[in-house]
Amino acid sequence: MSESVSETADIISEVQKRYEEASSHTSQWRSRARDDLRFFHADAYNHAQWDDAVYQARAGTFGGSPRPCLTINKTAQHVFQVENEARQSQMGVKVNATGFGAMAEAADAIEGIIRHIEYQSNAQQNAYACAIQGQVRAGLGWFHVVTDYVPGVDTFDQDFFIKSVPNGLSVYFDPSAREPDHSDQNWAMIVEEMDRSEFDKLYPGHEDVARDPLSGLQSDSDWVSDNTVRVATYYRRSEKEDTLWSVPPMPELNFPGGMMRQSMMPEALVAVCRENKAPSRPIASHTVDKYVIAGNSVVAQGETVFSLIPLIPVVGIETRATDGNDADYAGLVRALIDPQRMFNYTASAYVESVALQTKAPWLAAAEAIEGYTNEWSQANTGNAAVLPYNAIGEDGQPIPVPTRIEPPSGSTGHLQGMQSADQWMQMVTGQYQAEMGAPGNEKSGIAIQQRQRQSDTANYHYTDNQAMALRYLGRLLIAAIPRVYDTQRAVQSLGLDGSQTGVVIDPSMQASAQVALPPGPDGQQQTPPQGMSLEKQRQIEGAILAINPTIGRYDVEADVGPAFATRRQDAFNALTQVIQAAPALMGQIGDLVFQSADFPLADEIADRLKPASDDPRLGQAQQTIQQLQAQIQQLTQQLKDKQADLSLKAQGQQHEAATDLLKEETDRYKAETDRMAAIGSTDPEALRVLVQQLVQDALRNGGRPPEDGAMPAVQDGPPGPLPRLPSSNPPGGEIHAANPVTGAIEA
């Protein structure tokens, strides 16, 4: 036999064994729960509130005239009182951050995610209401948490859904669980009958499910029949042992160290921890496996994302199993059985006693109705306007007027019995006439609330057990959310007032919660102002909260109380009284007053009365102004620097121009000086000839230069260089003025 076949046989054998164990453990409760449900649903047709032997005797089954068997079902109203009070309450889970990096904003987001799971599952009206019905009527109700693909979207993402369990008797659970909320149960199963044709559609390929019963069951077992298949959804919780290591930091590998499970560590790292004798301790984690069994085959199996059994009980009044006694669970119906039967019996006897009495007859002398016998014979059946009679007898004497005798009356003992039975029903439930709607002596609102609180206290164990189931649900979902939301995705978070906000789940974040702000006017990513809380950041338009559910530790508590609309109305009434006592506070808390109001335009009025300091747009505007001011300062400084550069460049250009001009002037002056020095060192005789030639040329041209602009060559004398006189001041020397030569030019 292969390993898979052997494993399948082991699972089927385990399921069969535990099915029988649970059936034996709760057999007494199952029998009584069926009777309680029949008693609750009793009416004039099924007579389920009457003992079978008594009903047959009164109905004339064994001979005799039939007698009244009335069913006045007051039990249902007492049960509905508890159930409807729970329906009016707001049932939910409150999540608290308890450390290890957890933040209050992340806790609020997870709480809103759980609330959205309840909303998309319609858990308040379906799963919770059905479980509470089982709790109050039969002593035990259930609801079921499953995972499935997100409906209506082409995606592989999964989400959580809370399903109802219409028949609480179809759940078989671990009898060894010791916690009041059964959170320590290690297995549970739902066993349901499914039509064979429907089974073939849901589980194709398993049409050949054997009709033979499971191994160990008797041949007359009802596990499998010709037309139906009993399908068991079996959950099994197992423990996995592991070792937690405090891994030392390794800077050479850029590894910061920290707490790690050995199952997640490579062998080399485990060896390093052992060599360094790093601290370690054994730990254990839990996983839940799911098996779907039909007939004697396992048609589906796999590991779930849960660490607790996802079948959650809502307990009524539990009686633990003791030596020789099975476990038992009771609801409100169980205590009402005897008072209700007494009420039905006395009511029937009262009606019977009245019915057996004669109708109220007339008392009249024969002479008085002589001749009017027909009229008087119909006096009790007809509505005659006048009843004639003979007022004078034959002897001339007046005849007494006919009179009606005293009408029949019911037995006062039966009436007192009905009143006593009604009082006993109130006593065993703690619900007296005022709680059931009868007018009382209470006049003020506080007095009425105190009377209602008495009934709440008498049946508070139902409310507290509902809260235990919700805490179970919260722990289950908080542990499973990181395993389902294991990639970055956007989910919906639902507030107490029903408002929905988007939340991004990012398992790669380094913090449990942070806010992503939209881009600013410049298109750059905004950064929140320093010191602004996450709550204020979330109020900025376009801001989105992102959380990492894998960071931190969270705890849950149940929130079972008045609905949000009721609490909102109570808050409005309280604030209205405060404003009436101190009208000056309207300027400070006016927005809160209208936020709690429930009439049209109340929210708009609250927004207009809200202080400007509370508007997150103010902080955003201040941040934008600060950014713009910083940009203006930066641009102003850049402008000043540019102007300084331009000024320096202009000054440099002016300095260069002045330097060039000074150099040009110096060169020209030097050339002139050299020329004068040359002239001063020329032979006087030759200079005289030169001057004469220049004068002649000037006279010849009429003082005009030649037309072509070229100066004529000047004959300096004989060809060759001019003879120079000795001089101690050569051309280009430090002294730029030539030494005068005496006699160079004659006067």
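See the structure shown above.
Computed from a predicted structure; not experimentally measured.

Caption draft 1: Layout of empty space enclosed by the protein. The tally for this structure, following the rule as stated, stands at one cavity of 30 Å³ or more. The calculated volume of the largest cavity comes to roughly 30 Å³. Lining the largest cavity, in full, are Met91, Tyr128, Ala131, Ile132, Phe143, Val314, Gln466, Ala469 and Leu470. Across the lining of the largest cavity, the residue classes break down as eight nonpolar, one polar and no charged.

Caption draft 2: Main features of the side chain of aspartate 506. Residue position: aspartate 506 is located in the loop between strand E16 (500–505) and strand E17 (513–516). The side chain of aspartate 506 is buried and forms no salt bridge, while arginine 489, the nearest opposite charge, is found at 12 Å. Within the local environment of aspartate 506, its side chain forms a polar contact with the side chain of serine 508, the two groups lying 2.6 Å apart. In contact with aspartate 506, not counting residues within four places along its chain, are Gln488, Ile547 and Asn548.

Caption draft 3: Main features of the nonpolar core. Val95, Tyr128, Phe143, Phe160, Leu473, Tyr485 and Ile547 are the most contacted members of the largest nonpolar core, which totals 82 residues. The dominant element in this core, judged by the number of residues it contributes, is helix H14 (residues 460–484), at 11 residues. With sequence-adjacent residues up to four places away left out, leucine 473 is seen in contact with Glu118, Tyr128, Phe143, Val145, Ile162 and Ile312. Core analysis: the second largest hydrophobic core is formed by 14 residues, Tyr19, Tyr172, Tyr234 and Ile293 among them.

Caption draft 4: Layout of the packing of aromatic side chains. Counted under the stated rule, the structure contains 12 aromatic pairs. Joined through ring pairs, the aromatic side chains of Trp29, Trp142, Phe173 and Tyr329 make up one cluster. Cation over ring: arginine 30 sits above tyrosine 172, and NZ or CZ is 4.0 Å from the ring centre. Between lysine 74 and the ring centre of phenylalanine 343, over which it is positioned, the NZ or CZ distance is 5.6 Å.

Caption draft 5: Seen up close, the environment of aspartate 200. In this fold, aspartate 200 is placed in helix H7 (residues 196–202). For aspartate 200 and valine 229, which are 29 residues apart along the polypeptide, the C-alpha to C-alpha distance reads 9.9 Å.

Caption draft 6: Fine view of the pattern of salt bridges. Summed over the entire model, instances satisfying the criterion amount to 14 salt bridges. Residue glutamate 14 is joined to arginine 18 by a salt bridge in which the shortest nitrogen-to-oxygen separation is 3.3 Å. Residue glutamate 14 and its partner arginine 18 are located together in helix H1 (residues 3–25), separated by four residues, close to a single helical turn. When its relative accessible area of 23% is taken as the criterion, arginine 18 is described as partly exposed. We note a salt bridge from aspartate 422 to lysine 74, for which the minimum N-O separation is 3.2 Å. Here aspartate 422 is found in helix H12 (residues 412–429), whereas its partner lysine 74 is found in the loop between helix H3 (52–58) and helix H4 (75–88), with 348 residues between them in sequence. Judged by its relative accessible area of 17%, aspartate 422 falls in the buried class. The exposure class of lysine 74 is partly exposed, given its relative accessible area of 24%.

What counts as what
- Residues numbered from 1 in each chain as written.
- Predicted model: local features only at pLDDT ≥ 70, side-chain atom pairs only at ≥ 80, totals over all residues.
- Heavy atoms only, no water.
- 1 Å grid on protein atoms, 1.4 Å probe; cavity = no way out; pocket = protein on both sides within 12 Å on 5 of 7 lines; lining within 4 Å.
- Points joined across faces, edges and corners; volume = space filled by probe spheres on them.
- Nonpolar A, V, L, I, M, F, W, Y, C, P; charged D, E, K, R; others polar.
- Helix = DSSP H or I, 4+ residues; strand = E, 2+ residues; numbered from the N terminus.
- Buried < 20%, exposed > 50% of the residue type's maximum accessible area, 1.4 Å probe, protein only.
- Lys, Arg positive; Asp, Glu negative; His and termini not counted.
- Salt bridge = Lys/Arg side-chain N within 4 Å of Asp/Glu carboxyl O.
- Polar contact = N/O pair within 3.5 Å; in protein donor to acceptor, adjacent residues only side chain to side chain.
- Contact = heavy atoms within 4.5 Å.
- Core = buried A, V, L, I, M, F, W, Y, C linked by side-chain atoms within 4.5 Å.
- Phe/Tyr/Trp six-rings, centres within 6.5 Å; stacked < 30°, edge-to-face > 60°.
- Lys NZ or Arg CZ within 6 Å of the ring centre and 35° of its normal.

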